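Listed here are the chains, written in short residue letters.
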Amino acid sequence: MRRRLTRLGMGLAAVAAAATTLTACGTGGGTTGNGTGPITFASGKDLTGAMPQLLAEWNKLHPDQKVTFIELSASPDDQRNSFVQDLQARSGKYDVMWDDVVWTSEFAAHGWLEPLDKAQVGGPGVLPAAVDTATYQGKMYGAPFMTNSALLYYRSDLVPKPPTTWAELQSDCAIAKAHDMACYVGQFAQYEGLTVNAAEAITSAGGSFLSPDGSKVTVDSPQARAGLQHLVDMFRSGNIPAAALTYQEQESANAFVSGKAMFLANWPYVYTAASAAGSAVQGKFGVAQLPGPSGPGVASLGGIDLGVSAFSQHKQTAKDFVAWMQSESSQRVLVKVMNQASVLTKLYTDPDLTKASPYLPTLQKAELTAVPRPKTPNYNAVSLAIQKNVYAALQGKVSVDAAVKQLAADLQQAISAA
Amino acid sequence: MSVRTGDSRALVPRASTRRERASGRKDHDGRFAFWLVVPAILVLTVVIGYPVIAALVRSLFSDSIASAPRFVGLDNYFSALWGVNSGKFWDSVGVTYFFAAVTIVLETAIGLGMALVMNQAFRGRGLLRGVVLVPWAVPTAVAAVLWKWSFDPVGIINALTGSHVVWTGSDWPSKAAIVIADTWKTSPFIALLILAGLQIIPGEVHEAAKIDGAGAFQRFRLITLPLVRPALLVAILFRLLDALRMYDLPAILTHGANDTTTLSILVVQATLSELKPGFGGALSTLTFLLIFVTAYAFVRLLGVNAVEAQIGGGRGGNR
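Residues numbered from 1 in each chain as written. Chains lettered and ligands numbered in written order. Predicted model: local features only at pLDDT ≥ 70, side-chain atom pairs only at ≥ 80, totals over all residues.

**Student:** In this structure, what is going on with the overall build of chain A? I would like to understand it.
**Tutor:** Check the secondary structure of chain A and you find 17 helices and 15 strands. Here the C-alpha radius of gyration of chain A, 24 Å, is about what a compact globule of 418 residues would show, namely 22 Å. By its C-alpha atoms, chain A is 90 × 50 × 40 Å across when sized along the principal axes. For chain A, buried positions account for 50% of its 418 residues. Contacts spanning at least 24 positions in sequence make up 75% of the contacts within chain A whose residues lie at least 6 apart. (Helix = DSSP H or I, 4+ residues; strand = E, 2+ residues; numbered from the N terminus. Rg over C-alpha atoms; globule rule 2.2 N^0.38 Å. Buried ≥ 20, exposed ≤ 12 C-beta atoms within 10 Å, placed from the backbone. Contact = placed C-beta atoms within 7 Å.)

Structural data, given as structure tokens:
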């Protein structure tokens, strides 16, 4: 009997020990510190392979505050899931997080991000639109690290002068038809990319989804209808092929790079693929700003802000690190080695850099007018509502008017769910 | 008397000691076995019980962003059943049951056909049985990606049929694509379960029927079908449970677009994408209840006996 009890006791002790370990894991970052020390930096999959090189630079300068690189999935949705899981558990596993610009408001509203010093990471040298993406209720919750906005890729061998208005774009489509190719492709599958493309059409026409502070729905306007109508018309006339309803970034880029489409709206990264050997359009394409109703249109702003976790143990180091990542020397690596767009205004005209990436001046023009997607802590619900209703209109299932009305109702529900 | 008593005394204690010892050992074995199982039960409680109960409890709280969740009772359930979110919820209930009904009918028909063929004796039967199982061996997510490529506007299906359908770009083609992919993937599973049922039907029964002059169709209807029924029903029950929580195929093929948002996709969307664990918890509880009620009704109406059919090889299946 006693022996059995002892065994039982040992078993219980083992279970208790296991439970303690589990609890310890769960609350590892419970006590937060402002000090300095080693930190982690989590980013999306490093497709450039150059991130370790950049981080090694920091580690050489700060041997006692080394940063460990954690590479997450290539898919933004999966990256967000990783962050959210960690932040909900308050574990502080990721000291510095690579936040897509549309997550900043949401994370900040949940109290998951540490406010940063605007003088340090939002100074006059940084693109104002990028600073705006990292700002929530007047405070900065991220250090803009890289930026992005869509460009119009066009076939310079077929279209000597890129279209600046929607009317010019539509008349150029006759050329595409004569060459038996699709005229215009973008991202029109029902996913985040559709929000980007719809936002571009609607803001170019002067419309908007939400008020700047995200508290009111403003989409039920003639301008928003005009923007959506443009896309619907392009689909109805076949100038955007029906297949584009399944296109995400890669499919649309493939259509252009393989020479099957004359115009492409996409992020700057396509420039590299389109200029590479084996591309059907190598040396036969150019980039311009997206067209609008009467002159260049408005691009949606993408990009990455570096956020400091509210549950980090070494916040001072984390803050120093995000500021360093925004410094000119780091940003030069970003542009030159990683082939991404910097958040520092002066790097867009740097002759050394424009030689390697000739699209930079065009990109800067696009970014000066670019508009962030709706800023709200309920961003995902808002984006899902936009995708669903815009998609239905593009398919011709509902009229533009009905789609906008339904979208307004859905957005109201999405933002009131606070 | 005294002798007898002595005898009985001599006998009884001996027997009882033996019995006591045996039962003592049994008791001891039982208790020992119990303690051996305890860790497994604890682990199961932690990994299954805790999340289920946590989701249930969480579903009674609100999804406020900046403040701590408030207790809201059954509000999340009301919102899904007849409140602001009822449209989404009932739409996906419809989609889920549509997929379940269509795929199960197709898969059962095809699976039965495959099983009948595999049950015949012919050269290369082993090879056929192996080949037929390949789709079932492919992970669903991988199969979904393969089908996504096939259903691409410039993919192999349009190339072979000469059509220009944008499969994942509108409602019915999307649904058709998902049904085709699911049928391809899961028919072998049903075929395998039915084959197991077919193999226990004694050959003599068929021979006897043949001698009595029954034709092939009669033998199928009057002998094969009733005898394979228990295995068949279990196969359908398994598929029903599976189909009602369909996630991977529509998630990868359409991301839930084109009216293909199943209940599981809705749960994931609410919980992970919109970060509403309370509402998501309510949705997953409702999904569980729906599946439970459906499976229960199926079992009661058709008298499936899953456990016996599996152990007894089908004989105990008929009520």
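**Student:** When you look at the overall build of chain B in this model, what are you seeing that I'm missing?
**Tutor:** Per the secondary structure count, chain B includes 14 helices and zero strands. When burial is assessed residue by residue, chain B has 31% of its 319 residues classed as buried. Across chain B, contacts joining residues at least 24 apart in sequence account for 71% of those joining residues at least 6 apart.

**Student:** Any chance you could explain the nonpolar core here in plain terms?
**Tutor:** The nonpolar side chains of a soluble globular protein tend to be buried, and buried together. One finds Val96(A), Tyr153(A), Val185(A), Leu228(A), Phe256(A) and Leu411(A) to be the most contacted residues of the largest nonpolar core, which totals 133 residues. By residue number, the principal contributor to this core is helix H16 (residues 379-395) of chain A, which donates eleven residues. Residues lining this core come from more than one domain, with at least three contributed by each of domain 1 (18-148 + 303-371) and domain 2 (150-299 + 374-416) of chain A. For Leu411(A), the residues in contact, after removing those within four places along its chain, are Phe209(A), Leu210(A), Val217(A), Val219(A), Val382(A) and Ala385(A). Judged by nonpolar contacts, the second largest core, of 36 residues, contains Leu227(B), Leu233(B), Ala243(B) and Leu244(B). (Core = buried A, V, L, I, M, F, W, Y, C linked by C-beta atoms within 7 Å. Domains from an automatic or database assignment.)

**Student:** What should I look at first to understand the interface of chain A and chain B in this one?
**Tutor:** Often, the extent of an interface is quoted as the loss of accessible area on bringing the components together. Taken together, the contact between chain A and chain B spans 23 residues of the former and 18 residues of the latter. For the side of chain A that touches chain B, the secondary-structure elements that each account for two or more residues are helix H1 (2-26), helix H3 (76-88) and H16 of chain A. The greatest single-element share of the side of chain A that touches chain B, amounting to five residues, is contributed by H16(A). When the residues that make up the side of chain A that touches chain B are grouped by side-chain class, the tally is 14 nonpolar, nine polar and no charged. (Nonpolar A, V, L, I, M, F, W, Y, C, P; charged D, E, K, R; others polar.)

**Student:** Is there a simple way to explain the sheet that holds strand S9 (residues 261-266) of chain A in this structure?
**Tutor:** The strands that make up a sheet pair up through hydrogen bonds in the backbone, lying either parallel or antiparallel. Residue and element names in this part refer to chain A. If you trace the four strands from one edge of the open sheet to the other, you get S8-S9-S7-S10, paired in mixed fashion. Every interior strand has two partners, whereas the edge strands, strand S8 (182-185) and strand S10 (285-288), have only one. Adjacent strand axes in the sheet meet at a mean angle of 15° when their direction is disregarded. As judged from the four bridges shared by strand S7 (residues 151-155) and S10, these two strands associate in the antiparallel manner. Paired with arginine 155 across the two strands is phenylalanine 285, which belongs to S10. Where helix H10 (residues 249-257) meets the sheet, it contacts S7, S8 and S9, and its direction lies at approximately 150° from that of S9. (Pairing = 2+ DSSP bridges. Axes fitted to C-alpha atoms, helices over the stretch in contact; angles between N-to-C directions.)

**Student:** Is there a simple way to explain the packing of helix H8 (residues 192-204) of chain A against H16(A) in this structure?
**Tutor:** Axes are the key here: two packed helices are described by the angle between their axes and the distance separating the axes. All names here are of chain A. For the pair H8 and H16, interaxial distance at closest approach is 9 Å and the crossing angle is 75°. One finds that H8 runs roughly perpendicular with respect to H16. Packed against H8, whose contacting residues are Glu192, Leu194, Thr195 and Ala198, the element H16 presents Ser383, Ile386, Gln387, Val390 and Tyr391 at the interface. Along the lines of polarity and charge, the residues of the contact of H8 with H16 split into five nonpolar, three polar and one charged. (Parallel < 35°, antiparallel > 145°, perpendicular 65-115°, else oblique.)

**Student:** For this particular structure, what's the right way to read the domain arrangement of chain A?
**Tutor:** All names here are of chain A. Taken domain by domain, chain A comprises domain 1 (18-148 + 303-371) and domain 2 (150-299 + 374-416). Measuring from the centre of the C-alpha atoms in domain 1 to the corresponding centre in domain 2 gives 28 Å. Counting residues at the interface gives 15 residues for domain 1, matched by 15 residues for domain 2. Among the secondary structure elements, those contributing two or more residues to the side of domain 1 that touches domain 2 are helix H4 (104-109) and helix H15 (360-369).

**Student:** Got a minute to help me understand helix H2 (residues 51-61) of chain A in this structure?
**Tutor:** Think of an α-helix as 3.6 residues a turn; residues three or four steps apart then line up on the same face. Residues and elements named next belong to chain A. Taken together, the buried positions of H2 are Met51, Leu54 and Leu55. Looking straight down H2, one finds its buried side chains confined to an arc of 95°; they lie on one side. Exposed side of H2, more than 90 degrees from the buried face: Pro52, Gln53 and Lys60 are the residues found there. Packing partners of the buried residues in H2 comprise strand S1 (39-43), strand S2 (67-71) and helix H13 (328-336). (Arc of directions from axis to C-beta.)

**Student:** Sorry if this is basic, but what is going on with the packing of helix H12 (residues 263-273) of chain B against helix H13 (residues 277-302) of chain B here?
**Tutor:** Residue and element names in this part refer to chain B. The geometry of H12 relative to H13 is characterised by a closest axis approach of 8 Å and an angle of 165° between their N-to-C directions. The angle between H12 and H13 falls in the class roughly antiparallel. Between H12 and H13 the crossing geometry is left-handed. Across the interface between the two elements, Leu263, Leu266, Val267, Ala270 and Thr271 of H12 pack against Pro277, Phe279, Gly280, Leu283, Ser284 and Thr287 of H13. Partitioned by chemical class, the residues of the contact of H12 with H13 number seven nonpolar, four polar and no charged. (Left-handed = near helix turned anticlockwise from the far one by under 90°.)

**Student:** Explain the pairing of S1(A) here, please?
**Tutor:** Within a regular strand, the side chains alternate between the two sheet faces. Residue and element names in this part refer to chain A. Where burial is concerned, most of S1 is hidden: four out of the five residues are buried. Across five bridges, S1 lies against S2 in parallel orientation. Counterpart to isoleucine 39 in the pairing with S2 is valine 67. Across two bridges, S1 lies against strand S3 (residues 96-100) in parallel orientation.

**Student:** Would you mind showing me how to read unusual backbone geometry here?
**Tutor:** One can expect most non-glycine residues to show negative phi and most peptide bonds to be in trans. Residues and elements named next belong to chain B. In this structure, aspartate 259 takes a positive phi of about 60° despite not being glycine. Counting through the fold element by element, aspartate 259 comes out in the loop between helix H11 (248-253) and H12. If you check the backbone angles, leucine 275 has positive phi at about 55° while not being a glycine. Turning to its location among the elements, leucine 275 is positioned in the loop between H12 and H13.

**Student:** Would you mind showing me how to read helix H9 (residues 222-236) of chain A here?
**Tutor:** All names here are of chain A. Look at H9: 20 Å from first C-alpha to last across 15 residues, which is about the 21 Å you get at 1.5 Å a residue. Along H9, the residues classified as buried are Ala224, Arg225, Gly227, Leu228, His230, Leu231, Val232 and Met234. Buried positions along H9 lie against helix H7 (166-178), S8, H8, H16 and helix H17 (400-416). Of the residues trailing H9, glycine 238 is marked for its positive phi of about 80°. (Expected span 1.5 Å × (residues − 1).)

**Student:** Sorry if this is basic, but what is going on with the confidence of the model for chain A here?
**Tutor:** Low pLDDT means the predicted coordinates in that region are not meant to be read closely. Residue and element names in this part refer to chain A. Across chain A, pLDDT averages 89, with 92% of residues at or above 70. In the model of chain A, H1 stands out as the element of lowest mean pLDDT, 43, in contrast to H9, which has the highest, 97. For the stretch residues 1-31, pLDDT sits under 50, and the model shows eleven contacts to residues farther than four places along the chain or on other chains. (pLDDT = per-residue confidence, 0-100.)

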